[in-house]
Amino acid sequence: MNDVDRNVTPAEAGRLAREVLDAVGSVVVGKREALELVLAGILAGGHVLLEDLPGLGKTLTARSFAQALGLDFRRLQFTPDLLPADVTGSFLYDQRSGDFTFRAGPLFTNLLLADEINRTPPKTQSALLEAMQEKQVSVEGVTYRLDEPFHVLATANPIEYEGTYPLPEAQLDRFLLRVSFGYPEREEEWEVLRRRMARRREEAEIKPVVDATTLRAMQAALENVAVEDSVGRYIVELTAATRDHPSVLVGASPRGSLALLLLARARAAFGGRDYVVPEDVKDVAVPALAHRITLRPEMWLRRVDPSFVVGEVLDATPVPASGALPSYAAARGGR
């Protein structure tokens, strides 16, 4: 039996996802909406960019999700002297066998935390590209498949630009969404301190809620979440509108439309539904599209944020209201 042959309905996937969120929320305080977005990215099979100020729980979030999802976890600190081989692995000479053997790098895991990804040169950043897109690594002409599930959670500091290498558009586009946490409320910050004193140690442990096999079944269940035609066209209209916006130099690519579709399916499952409504699309539009937009230079001088552009696009794009069945489902049922 294949690992994903276990039948999981969208409703069950949503229930398990809420249990995972509850477990992670017991450690990461007061960030439920951001945590839902991170988990939606994982359930949709993608990679997540956590861009925020230092000390706001990005590393803790990645480790907590790995524990709750029962995944093998590795953390890789990106530095200016990091080499591509330090990410992918390399061939080493084995004196006993008299031959070169491959030593796998940190990429060979289920959940990789690429910490401060913008602190390493582009050559090393690009070592992630093939792994993120193709789920494989090529070293010295030999290709190695990565075990599924495989997800990258990368962190980036948006304020310290000295000694950093901004991610190129091609690599930003590989991330399904970008998430920011922001500062906690005062009561939430006090809760962080209270829990730290209560557990009497630094590290917080989370018992696994699911395992890798169940996670893959949950991801497969999202394929059963229906997207009615008008909602699908709404997704396309939103993405296309970013290309026509007067403040935008380069809008979101069709990969942005796909990201909206996949993330909206995950949000529907969180809500216990096996169909997507326009509100699901709206909820994920900013994290799915904002990092795929390049603004005109004069907009940077005016401090216009890409998130603001996506908000304007949401306000200007008519929202569908239809209860029809999706055409692809009807076609499949008619065979």
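Computed from a predicted model, the values in this text were never measured in an experiment.

## Examining the overall build of the protein chain
For step 1, the next point in the chain: A tally of regular secondary structure across the protein chain gives 15 helices and 11 strands.
For step 2, the next point in the chain: For a compact globule of 335 residues, the expected C-alpha radius of gyration is about 20 Å, and the protein chain comes in at 21 Å, within 12% of that figure.
For step 3, the next point in the chain: With the C-alpha coordinates aligned to their principal axes, the bounding extent of the protein chain is approximately 70 × 55 × 50 Å.
For step 4, the next point in the chain: Expressed as a percentage of the 335 residues in the protein chain, the buried residues total 48%.
For step 5, the next point in the chain: Between the centroid of the 39 positive side chains of the protein chain and the centroid of its 47 negative side chains there is a distance of 2 Å.

## Examining the nonpolar core
For step 1, the next point in the chain: Residues L39, F65, L69, V179, L260 and V281 are the most contacted members of the largest nonpolar core, which totals 75 residues.
For step 2, the next point in the chain: When residues in this core are grouped by element, the largest group, 9 residues, is from helix α11 (residues 254-270).
For step 3, the next point in the chain: Those residues in contact with L69 that sit more than four places away from it in its chain are V20, L39, I42, V210, D211, A212 and L215.
For step 4, the next point in the chain: L112, V139, V152 and L172 belong to the second-largest nonpolar core, a separate cluster that totals 23 residues.

## Quick word on the sheet that holds strand β2 (residues 73-77)
The strands making up a sheet associate through hydrogen bonds between their backbones, and the pairing can be parallel or antiparallel.
For step 1, the next point in the chain: Reading across the sheet, the 5 strands line up as β2-β5-β8-β1-β9 and stay open at both edges, with parallel pairing between neighbours. In this open sheet, the two edge strands, each paired with only one partner strand, are β2 and β9 (177-179). On average, each strand axis in the sheet is inclined to that of its neighbour by 20°, with strand direction left out of account.
For step 2, the next point in the chain: Direction of pairing for strand β1 (residues 48-51) relative to β9: parallel, over a ladder of 3 bridges. Looking at the pairing, V48 lines up with L177 of β9.

## Looking at helix α9 (residues 212-221)
For step 1, the next point in the chain: Among the 10 residues in α9, 8 count as buried, and that is most of the element.
For step 2, the next point in the chain: For α9, the complete set of buried residues consists of A212, T214, L215, R216, A217, M218, Q219 and A221.

## Observations concerning the packing of aromatic side chains
For step 1, the next point in the chain: Tallied over the full model, the rule gives 5 aromatic pairs.
For step 2, the next point in the chain: Three or more aromatic residues link up through ring pairs in this structure, and these residues are F91, F102, F108 and Y144.
For step 3, the next point in the chain: Lying over the aromatic face of Y275, R273 brings its terminal NZ or CZ to 5.7 Å of the ring centre.

## Describing the pattern of salt bridges
Pairing between side chains of opposite charge can happen when their charged atoms approach one another.
For step 1, the next point in the chain: In this structure the tally under the stated criterion is 18 salt bridges.
For step 2, the next point in the chain: Among the ionic pairs, D22 bridges to R32, the shortest N-O distance being 2.7 Å. Of this pair, D22 sits in helix α1 (residues 10-25) while R32 is found in helix α2 (residues 32-43), placing the two residues 10 residues apart along the sequence.
For step 3, the next point in the chain: Assessed through its relative accessible area of 47%, D22 is described here as partly exposed.
For step 4, the next point in the chain: In this structure, the salt-bridge partner of R265 is E223, at a minimum N-O distance of 3.2 Å.

## As for the environment of P84
For step 1, the next point in the chain: Here P84 lies in helix α4 (residues 84-88).
For step 2, the next point in the chain: For P84, a relative accessible area of 23% gives the class partly exposed.
For step 3, the next point in the chain: Excluding residues that lie within four positions of it along the chain, P84 makes contacts with K123, T124 and A127.

## Details of the side chain of S90
For step 1, the next point in the chain: Structurally, the position occupied by S90 is in strand β3 (residues 89-94).
For step 2, the next point in the chain: With relative accessibility at 16%, the residue S90 sits in the buried group.
For step 3, the next point in the chain: Excluding its chain neighbours within four sequence positions, the residues that come into contact with S90 are A85, T101, F102, R103 and V139.

What counts and what doesn't
- Residues numbered from 1 in each chain as written.
- Predicted model: local features only at pLDDT ≥ 70, side-chain atom pairs only at ≥ 80, totals over all residues.
- Heavy atoms only, no water.
- Helix = DSSP H or I, 4+ residues; strand = E, 2+ residues; numbered from the N terminus.
- Rg over C-alpha atoms; globule rule 2.2 N^0.38 Å.
- Buried < 20%, exposed > 50% of the residue type's maximum accessible area, 1.4 Å probe, protein only.
- Lys, Arg positive; Asp, Glu negative; His and termini not counted.
- Charge placed at Lys NZ, Arg CZ, Asp CG, Glu CD.
- Core = buried A, V, L, I, M, F, W, Y, C linked by side-chain atoms within 4.5 Å.
- Contact = heavy atoms within 4.5 Å.
- Pairing = 2+ DSSP bridges.
- Axes fitted to C-alpha atoms, helices over the stretch in contact; angles between N-to-C directions.
- Phe/Tyr/Trp six-rings, centres within 6.5 Å; stacked < 30°, edge-to-face > 60°.
- Lys NZ or Arg CZ within 6 Å of the ring centre and 35° of its normal.
- Salt bridge = Lys/Arg side-chain N within 4 Å of Asp/Glu carboxyl O.

Geometric descriptors of this kind do not, in isolation, establish any biological role.
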